[in-house]
Amino acid sequence: MSKLQSVRGMQDVLPGDSARWRWVEDRVADVLDRFGYRQIRMPLLEDTRLFARGVGETSDIVEKEMYTFDDRGGDSVTLRPEGTAGCVRVCEQHGLLYNQTQRLWYRGPMFRYERPQKGRYRQFEQIGVECFGLAGPDIDFELLQLTAELWRVLGVDQAVRLELNTLGTSEARSAWRGALVDYLRPFEAELDEDSRRRLERNPLRIFDSKVERTREIIAGAPTFDHWLDADSRAHFEHLQERLAGAGIAAVINPMLVRGLDYYSRTVFEWTTEALGAQGTVCGGGRYDGLVELLGGRPTPGIGFAMGIDRLLLLAQACASLPEDIDRAVDAYLVPMEDAASGAAFELAGHLRSALPRLRVQVHCGGGKVKARMKR
Ligand code: HAM
């Protein structure tokens, strides 16, 4: 029988690397604590309809990237491709949105059947944040301030930049969508295959195309600015003023549309040039219609998620991880003979209580003194 291997796109994190993962995750969790966000833990498996409805039938994720199967009872379930829809489901199911605001975070693996490459995997780790019940631009600012603080703590702030856009209300967007289709129709034959398909189903996503001719065509398309509603415009301007006041630089990118269908108003991405093609380390935005779409009362929402795999690569590229990070122990107690082993374990116990941060290990496995010392 041939040797069994990990499934394509799924990574093993070995002992040396897991210390690096912990370093990133602990620092992020610490910042979230300091901002008063509370963690929730969600299942990896959800009813498939949650994502079809929540993330959107026309998104790449739902169209072609989900790990979906029927369980033994014949119900269609999906390994979560992202956390926002599940978070809304949790909040609704447990009444967390009624007459209250929420600032939540979660972490864990997400699954997407994408073409694997550096920084893009089929199982990857996200830390995500979701806030509910807050409609004004102050929370948009808070989230961007929080992410800026994360980059500072992780030592990658010089390597990332913030891209920002507004997608307005769904009414404004659909008016724009009509104009966009009218503009693109005459170019239909020249568009790449994905974009031709999107022309019918989700024309805004054509802005994401990486194909040169499509990008040339889309560069001449009518911009959203003309259709943007006054409230969304004021919301966006207020956010930009706050960011400028706080010294958080942002590049306005009218082409930024995001790949999931639930966004409205503010959308943003933190990108880097240090990682090649997979340069988005964090993405998010407002989704004011999602709770209602999933069966709840109208409730504003906003959040983001960052890819921990990519953040770790970035922290390594920026050399911000401590050098001795994969050293497992600070003190190794070697009893010179087996009879002293009990005393060594006792001493290790005392050391661990007296110095809680010291990593202490006792030699196990016997052997000659020389071999023990070598170990
Ligand atoms: P997303 O843009 O699909 O948004 O993913 C967020 C981040 O997860 C990306 O910026 C990237 O760093 C990381 N990521 C995505 N796919 C992969 C992959 N295949 N391999 C490695 N890393 C990946 C969401 O998931 C939304 N739920 C974010 C959000 C929360 N919006 C509002 N609230």
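Residues numbered from 1 in each chain as written. Predicted model: local features only at pLDDT ≥ 70, side-chain atom pairs only at ≥ 80, totals over all residues. Heavy atoms only, no water.

Q: Looking at this model, I keep getting lost on the site of the ligand. Mind explaining?
A: Taken together, 26 residues surround the ligand, and among them Glu82, Glu114, Tyr121, Glu130 and Tyr263 come closest. For the ligand, an oxygen atom lies 2.9 Å from a polar atom in the backbone of Thr280. At a separation of 3.3 Å, a nitrogen atom of the ligand approaches a polar backbone atom of Phe304. When the ligand is considered free in solution it has 650 Å² of accessible area, and contact with the protein chains removes 96% of it. Contributing elements (two or more residues each) for the shell around the ligand: strand 6 (123-132), strand 10 (280-286) and strand 11 (301-307). With six residues, strand 10 is the single largest residue contributor to the shell around the ligand. Across the shell around the ligand, the residue classes tally to ten nonpolar, nine polar and seven charged. (Near = heavy atom within 4 Å. Polar contact = N/O pair within 3.5 Å; in protein donor to acceptor, adjacent residues only side chain to side chain. Areas by Shrake-Rupley, 256 points an atom, 1.4 Å probe, with all protein chains shown as cover. Helix = DSSP H or I, 4+ residues; strand = E, 2+ residues; numbered from the N terminus. Nonpolar A, V, L, I, M, F, W, Y, C, P; charged D, E, K, R; others polar.)

Q: What exactly am I supposed to notice about the sheet that holds strand 2 (residues 45-47) here?
A: Backbone hydrogen bonds hold the strands of a sheet together, and the pairing may be parallel or antiparallel. The three strands lie next to each other as 2-4-3, forming an open sheet whose pairing is antiparallel. Each edge of the open sheet is held by one strand with a lone partner, namely strand 2 and strand 3 (67-70). Pairwise comparison of adjacent strand axes, ignoring direction, gives a mean angle of 35° for this sheet. Sheet topology places strand 3 next to strand 4 (residues 76-79); four bridges connect them, and they run antiparallel. Across the sheet, residue Phe69 finds its bridge partner in strand 4, namely Val77. (Pairing = 2+ DSSP bridges. Axes fitted to C-alpha atoms, helices over the stretch in contact; angles between N-to-C directions.)

Q: Quick question: what am I supposed to make of the sheet that holds strand 10 here?
A: The eight strands are arranged 1-5-6-11-10-9-7-8 in an open sheet whose pairing can be described as mixed. The two strands at the open ends of the sheet, each matched to only one other strand, are strand 1 (38-39) and strand 8 (250-252). In terms of strand pairing, strand 10 meets strand 11 through five bridges, oriented antiparallel. If you follow Gly285 over to strand 11, its bridge partner there is Gly303.

Q: What's the story with the pattern of salt bridges in this structure? I'm lost.
A: It is possible for side chains of opposite charge to pair when their charged atoms get near one another. In total, this model carries 29 salt bridges according to the counting rule given. Measuring nitrogen to oxygen at the nearest pair gives 2.8 Å for the salt bridge that ties Arg89 to Glu46. Linking Arg89 in helix 4 (residues 84-93) with Glu46 in strand 2, this pair joins segments that are 43 residues apart in sequence. The partner of Arg213 in a salt bridge is Glu190, and the shortest N-O contact between them spans 2.6 Å. In this pair, Arg213 sits in helix 8 (residues 212-219) while Glu190 sits in the loop between helix 6 (170-184) and helix 7 (193-201), placing the two residues 23 residues apart along the sequence. Bridged by salt links that share partners, the residues Glu63, Lys64, Asp194, Arg197 and Arg201 form one connected network. (Salt bridge = Lys/Arg side-chain N within 4 Å of Asp/Glu carboxyl O.)

Q: Looking at this model, I keep getting lost on the side chain of Arg198. Mind explaining?
A: Here Arg198 lies in helix 7. Residue class for Arg198 comes out buried when judged on its relative accessible area of 9%. A distance of 2.8 Å separates the side chain of Arg198 from the side chain of Asp60, its partner in a polar contact. Not counting the four nearest positions on each side in its chain, Arg198 is found in contact with Asp60, Pro203, Arg205 and Ile206. (Buried < 20%, exposed > 50% of the residue type's maximum accessible area, 1.4 Å probe, protein only. Contact = heavy atoms within 4.5 Å.)

Q: Help me understand a nonpolar patch on the surface in this model?
A: A cluster of nonpolar side chains, contributed by Met336, Val369 and Met373, occupies part of the molecular surface with about 290 Å² of accessible area. Structurally, the position occupied by Met373 is in helix 13 (residues 369-374). (Patch = residues over 30% accessible without salt bridge, like charges linked within 9 Å, V, L, I, M, F, W, Y side chains within 5 Å.)

Q: Explain the side chain of Arg122 here, please?
A: Structurally, Arg122 is set in the loop between strand 5 (102-111) and strand 6. Despite its burial, Arg122 remains without a salt bridge, the nearest opposite charge being carried by Glu114 at 8.3 Å. The residues touching Arg122, leaving out its near neighbours within four places in the chain, are Arg8, Gly9, Met10, Tyr67, Met110, Phe111, Arg112, Tyr113, Glu114, Arg115 and Pro116. (Lys, Arg positive; Asp, Glu negative; His and termini not counted.)

Q: Can you help me understand empty space enclosed by the protein in this one?
A: Here the structure, examined in full by the defined rule, presents one cavity of 30 Å³ or more. Size it by volume and the largest cavity reaches roughly 30 Å³. Lining the largest cavity are Met42, Pro43, Glu46, Phe51, Arg80, Glu82, Gly83 and Gly86. When grouped by side-chain class, the residues that make up the lining of the largest cavity number three nonpolar, two polar and three charged. (1 Å grid on protein atoms, 1.4 Å probe; cavity = no way out; pocket = protein on both sides within 12 Å on 5 of 7 lines; lining within 4 Å. Points joined across faces, edges and corners; volume = space filled by probe spheres on them.)

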